[in-house]
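# Overview (structure and organization)
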Amino acid sequence: MSKDYYKILGVEKSATDDEVKKAFRKLAHKFHPDKKTGDEAKFKEVNEAYQVLGKPEKRQKYDQFGSNFDQQGGFGGGAGWEDFMNASRGQSGGGFQFDFGDIVGDLFGFGGNRNRKGKRGKDIQVDIEISFEDAVFGIEREINLTKNNNCDVCAGSGAEPGSNIKTCRECNGQGQVSRVQQTILGAIQTNAVCSSCNGVGDKAEKECKHCNGRGFEKSASSYKFKIPAGISNGETIRISGKGENLGKNATSGDLYVVVHVKSHKEFKRSGADIYSNLTVNYPQAVLGETVEVNTVDGKKKVVVPSGTQSGQQIRLRGLGAHRLNRSGRGDHFLKVIVNIPKRVSRKAKKLLKELESEL
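Just so it is clear, the model here is predicted, and its values are computed rather than measured. (Residues numbered from 1 in each chain as written. Predicted model: local features only at pLDDT ≥ 70, side-chain atom pairs only at ≥ 80, totals over all residues. Heavy atoms only, no water.)

## A few points about the packing of aromatic side chains
Counting across every chain of the model gives five aromatic pairs. Judged by centre distance (5.9 Å) and plane angle (50 degrees), the rings of Y6 and Y62 are tilted. Here the residue Y6 occupies a position in helix 1 (residues 5–9), and Y62 occupies one in helix 4 (residues 56–65), the gap between them amounting to 56 residues. Both residues of the pair, Y6 and Y62, count as buried. The interplanar angle of 5 degrees and the centroid separation of 4.2 Å between the aromatic rings of F24 and Y50 together place this pair among those described as stacked. With F24 in helix 2 (residues 17–31) and Y50 in helix 3 (residues 40–53), this residue pair connects regions lying 26 residues apart in the sequence. What makes Y50 buried here is its relative accessible area of 6%. (Phe/Tyr/Trp six-rings, centres within 6.5 Å; stacked < 30°, edge-to-face > 60°. Helix = DSSP H or I, 4+ residues; strand = E, 2+ residues; numbered from the N terminus. Buried < 20%, exposed > 50% of the residue type's maximum accessible area, 1.4 Å probe, protein only.)

Written as structure tokens, this is what we have:
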């Protein structure tokens, strides 16, 4: 029974070669055995259909005689999963011809070089150190580094100033050229990066002398940026588009700044809250007193209530760190430490005994 290859690929009989190829690529991706949607039987069937409809002379015979046209001296079978495996092992295949780099490379991930247009430069990471207070309130900083930037002379075009940029004649602007090689599988077509334009697709009549036509060079860069209030130790700031640049038709990578916050001799932080110790003497804890303490906002007066116990916390609302990317601030917590003297005078002992009798 004659097979309907057009129906298998889901195209009309009037479909163009490009439409046939596009349909095959879509179905081959879908049914490839290594994919979740894989179906080896359908993969073979789709490939068989493409081996006929993808070749003008075989398609013509198929239209005339049907899928059994191999009896007329044509080609009725197709390259299945085993054929691809045999090819990878260097064994003989089915003698078929197809665009190996363009189609199979998409399936297995090793064929067909891509056009360099849209290539992205590398990301860069730098580390900076800021003070505890700068992390609480935020600050503007500046980074100086040397990296690949667009050439100052040609502005990244790779062309000598005044020189025209034209479509590469070698690849007709595609950035890649096709080559046909005779292998044990038959004639295999592969795509390679155009050596004339290095895969860009266009070429300057005269290359920039400063950067030798690359469009980029190593140079010093300086960037100012804001460190947000409330940032924590080890957090990263991304500065988009300030990484490495690869010149012609390429986009820059990103710059990542890792922030390291210096430890403070008096304050510690957890989230937006700040913690420190407040040492008072025994009479202050018993009788209560107004004392002066250090905060990130400067010195503040705090009331120590009478009868304060050692280890008790006093809360200073709104004197903590700013909340990162949010409004408001955390709190400052003072942990009271009552200083008990190891040695006391006779007079002090007498007074303490009198106090003890009163308690």
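What follows picks up the thread again.
## What about the environment of K119?
Looking at the element boundaries, K119 is found in the loop between helix 6 (100–108) and strand 2 (124–130). The class of K119 is partly exposed, set by a relative accessible area of 43%. K119 sits 131 residues away from A250 along the chain, and the two C-alpha atoms are 4.9 Å apart.

## Focus on the state of the cysteines
According to the stated counting rule, one finds zero disulfides in the structure shown. No disulfide involves C154; its nearest neighbouring cysteine sulfur is the one of C151, lying 3.8 Å away. With a relative accessible area of 7%, C154 lands in the buried category. (Disulfide = S-S within 2.5 Å.)

## Examining the sheet that holds strand 16 (residues 332–339)
Spatially, the four strands line up as an open sheet ordered 11-12-16-15, and their pairing is mixed. The sheet is open, and its two borders are formed by strand 11 (268–270) and strand 15 (313–316), each paired with just one other strand. Neighbour to neighbour, the strand axes of the sheet diverge by 30 degrees on average, direction disregarded. Two strands pair when backbone bridges link them, and strand 12 (residues 273–281) and strand 16 are joined in this way by eight bridges, in the parallel orientation. (Pairing = 2+ DSSP bridges. Axes fitted to C-alpha atoms, helices over the stretch in contact; angles between N-to-C directions.)

## Concerning the nonpolar core
In this structure, Y5, L9, V11, V20, V46 and L53 are the most contacted members of the largest nonpolar core, which totals 19 residues. When contributions to this core are tallied by element, the ones reaching two or more residues are helix 1, helix 2 and helix 3. Leave out the neighbours within four places in its chain, and L9 touches V20, A23, F24, L27, V46, A49, Y50 and L53. The next biggest cluster of nonpolar side chains, apart from the first, holds 17 residues, and it includes I128, I143, I231 and I239. (Core = buried A, V, L, I, M, F, W, Y, C linked by side-chain atoms within 4.5 Å. Contact = heavy atoms within 4.5 Å.)

## Digging into a positive patch on the surface
Taken together, K22, K26, K30 and K42 make up a surface patch of like positive charges. Following the sequence through the fold, K26 ends up in helix 2. Residue K26 is classed as exposed on the basis of its relative accessible area, which comes to 65%. (Patch = residues over 30% accessible without salt bridge, like charges linked within 9 Å, V, L, I, M, F, W, Y side chains within 5 Å. Areas by Shrake-Rupley, 256 points an atom, 1.4 Å probe, with all protein chains shown as cover. Salt bridge = Lys/Arg side-chain N within 4 Å of Asp/Glu carboxyl O. Lys, Arg positive; Asp, Glu negative; His and termini not counted. Charge placed at Lys NZ, Arg CZ, Asp CG, Glu CD.)

## Some thoughts on the confidence of the model for the chain
In the predicted model, the chain carries a mean pLDDT of 81, and the fraction of residues at 70 or more is 81%. Looking across the chain, the model is least confident in strand 1 (residues 98–99), with a mean pLDDT of 44, and most confident in helix 7 (residues 132–137), with 97. In this model, residues 71–81 is a region of pLDDT below 50 whose contacts with residues beyond four sequence positions or in other chains number 33 contacts. This model gives residues 84–117 a pLDDT under 50, and the stretch forms 92 contacts once residues within four places in sequence are excluded. (pLDDT = per-residue confidence, 0-100.)

## Focus on the packing of helix 3 against helix 4
Interhelical geometry of helix 3 versus helix 4 gives an angle of 100 degrees and a closest axis separation of 6 Å. Regarding the angle of helix 3 to helix 4, the classification is roughly perpendicular. Here Q51, V52 and L53 of helix 3 come into contact with helix 4, specifically with K58, R59 and Y62. Considering only residue class, the contact of helix 3 with helix 4 consists of three nonpolar, one polar and two charged. (Parallel < 35°, antiparallel > 145°, perpendicular 65-115°, else oblique. Nonpolar A, V, L, I, M, F, W, Y, C, P; charged D, E, K, R; others polar.)

## Describing helix 3
Here helix 3 is 14 residues long and its end C-alpha atoms lie 20 Å apart, about the 20 Å a rise of 1.5 Å per residue gives. Those residues of helix 3 not exposed but buried are F43, V46, N47, E48, A49, Y50, Q51, V52 and L53. (Expected span 1.5 Å × (residues − 1).)

## Points about a nonpolar patch on the surface
Taken together, the side chains of Y282, V286, L287, I340, V344 and L352 present a nonpolar region at the surface, about 500 Å² in accessible area. The element that contributes the greatest number of residues to the nonpolar patch is helix 8 (residues 282–287), accounting for three residues. Along the chain, L352 falls in helix 9 (residues 346–358). Judged by its relative accessible area of 38%, L352 falls in the partly exposed class.

## Quick notes on the pattern of salt bridges
Within the structure shown, the criterion is met by eight salt bridges. The closest approach of N and O atoms between R59 and D17, which form a salt bridge, is 3.4 Å. With R59 in helix 4 and D17 in helix 2, this residue pair connects regions lying 42 residues apart in the sequence. Judged by its relative accessible area of 46%, D17 falls in the partly exposed class. Between R329 and D297 there is a salt bridge, with the nearest N and O atoms lying 2.7 Å from each other. Taken together, the residues R329 in the loop between strand 15 and strand 16 and D297 in the loop between strand 13 (289–295) and strand 14 (298–304) connect sequence positions 32 residues apart. Beyond isolated ion pairs, a larger network of salt bridges with shared partners links R120, D123, R238 and D254.

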